[in-house]
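Single-letter residue listing:
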Amino acid sequence: MEDSGLATAAYWAPLLETIADIAFAVVIVALAVELVAGRIAKRFEHQIDAAREERIAQLQAIAPRILSVPAQNTLREKLSQFKPIFATIGTTQPLRHAFDIDSLESQIAGVLALAGWKANAGTTWGTDDRPSGVWVSTREGDILSANAADVLVRELNATGVLAHRDPKPFAGPKPPRPSDPAPLPPGTSGGSIAGTQYRNALSAQVEWDYLPGLQIMVGTKL
C-alpha cells in the first residue's frame, strides 16, 4: 500500500471508530431516556386514569337522575297507600335550573301528585354540603310520613337514583288541627267580626292541612 493510502487509513480508522462509539453511546442514552420517560409517562397515565375513574364514580353516584316511565308507575303504586301526605320538594340554590336536577324534581312531584299526595314543588334551599343525591326528611313524630319516606328512598334507589333518608327531622311535631269554626248565625254579614273570625278559622284549618310531612331535596355537589 502506498504511503498516501496508509496515511488515509490511519486518519479515518480511529475517527470512524470514535464516531461509531459516539453513535453507540447516543443509542444507549436514547434507550435510557425512552425507558425513563416511559416509566414517568405511565405514572402520569395511572394518575389520569385514577382521576377519570374517580370522576366516573362520582357521576355514577348521582346518575341516572331521570325516572323512566315504568319506574314512575311503580313509584306511584307504592306511594299511593300513604295518601294524602303533603310534601315539599325542591333543589339547592347552586343547582337551580340544572336540566337533570329540575327534571327529576318535576318527575318526583308529578308522581306524588298522581299517588294522591299534595306536592309543592319549586322550593329552593341554600347551599347543602351533604353527599349527592335525593335527601328525604320528615316531620318529628309523623309516623305515616316516616314510613312513606322509607318507601320513597328504597324505590328511588331501586331505580338507580341515589337517595338518602335524613335521620334528622326538618321540623317539630305537627300541632293539633284547629277545631271547626262555629256556624255563623243566619244573616251574619261576611264583613262582620263574626264573619272575619269564621274565615280566619277556616284558613287556619287549610294551613294545618298543608303543613308538610315530608321534605324532599334534590341536589348534588358535583
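The shown structure was predicted, so the numbers you read here are calculated from the model rather than taken from an experiment.

Asks: Would you explain helix H4 (residues 143-158) in this entry?
Replies: Each turn of an α-helix holds 3.6 residues, which means side chains three or four residues apart point in the same direction. The terminal C-alpha atoms of H4, which comprises 16 residues, lie 23 Å apart, in line with the 22 Å expected from a rise of 1.5 Å per residue. Regarding H4, the residues found buried are Ser-145, Ala-146, Ala-148, Ala-149, Val-151, Leu-152, Val-153, Glu-155 and Leu-156. Where H4 terminates, the next one or two residues include Gly-160, which has phi positive at roughly 100°.

Asks: What is the right way to look at the pattern of salt bridges in this model?
Replies: For the structure on display, the rule yields two salt bridges. Ionic pairing is found between Arg-165 and Asp-150, a salt bridge with its closest N-O pair at 2.9 Å. With Arg-165 in strand E4 (residues 163-165) and Asp-150 in helix H4, this residue pair connects regions lying 15 residues apart in the sequence. Salt-bridge contacts for Arg-154 lead to Glu-155; the nearest nitrogen and oxygen are separated by 3.7 Å. Arg-154 gets classed as partly exposed once you look at its relative accessible area, which sits at 46%. What makes Glu-155 buried here is its relative accessible area of 13%.

Asks: What exactly am I supposed to notice about helix H2 (residues 69-79) here?
Replies: Ala-71, Leu-75 and Leu-79 are the residues of H2 that are buried. Across the axial projection of H2, the buried residues extend over an arc of 60°, all falling on one side. Structural note: H2 exposes Val-69, Pro-70 and Glu-77 on the side pointing more than 90 degrees away from its buried face.

Asks: How do you make sense of a nonpolar patch on the surface when you look at a structure like this?
Replies: On the surface, Phe-24, Val-27, Ile-28 and Leu-31 cluster together to form a nonpolar patch covering roughly 390 Å² of accessible area. Along the polypeptide, Leu-31 turns up in helix H1 (residues 3-62).

Asks: I tried to follow the sheet that holds strand E2 (residues 118-125) on my own but got confused; where do I start?
Replies: Within a beta sheet, neighbouring strands are joined by backbone hydrogen bonds and run either parallel or antiparallel to one another. On the basis of which strands lie adjacent, the open sheet formed by five strands has the order E2-E1-E5-E3-E4 and mixed pairing. At either margin of the open sheet sits one strand with a lone partner, and together these are E2 and E4. Each adjacent strand pair in this sheet contributes to an overall mean axis angle of 20°, direction not counted. As paired elements, strand E3 (residues 133-138) and strand E5 (residues 214-219) share six bridges and run antiparallel to each other.

Rules of the game
Residues numbered from 1 in each chain as written. Predicted model: local features only at pLDDT ≥ 70, side-chain atom pairs only at ≥ 80, totals over all residues. Heavy atoms only, no water. Helix = DSSP H or I, 4+ residues; strand = E, 2+ residues; numbered from the N terminus. Expected span 1.5 Å × (residues − 1). Buried < 20%, exposed > 50% of the residue type's maximum accessible area, 1.4 Å probe, protein only. Salt bridge = Lys/Arg side-chain N within 4 Å of Asp/Glu carboxyl O. Arc of directions from axis to C-beta. Patch = residues over 30% accessible without salt bridge, like charges linked within 9 Å, V, L, I, M, F, W, Y side chains within 5 Å. Areas by Shrake-Rupley, 256 points an atom, 1.4 Å probe, with all protein chains shown as cover. Pairing = 2+ DSSP bridges. Axes fitted to C-alpha atoms, helices over the stretch in contact; angles between N-to-C directions.

No statement about biological role is implied by the geometric values presented.
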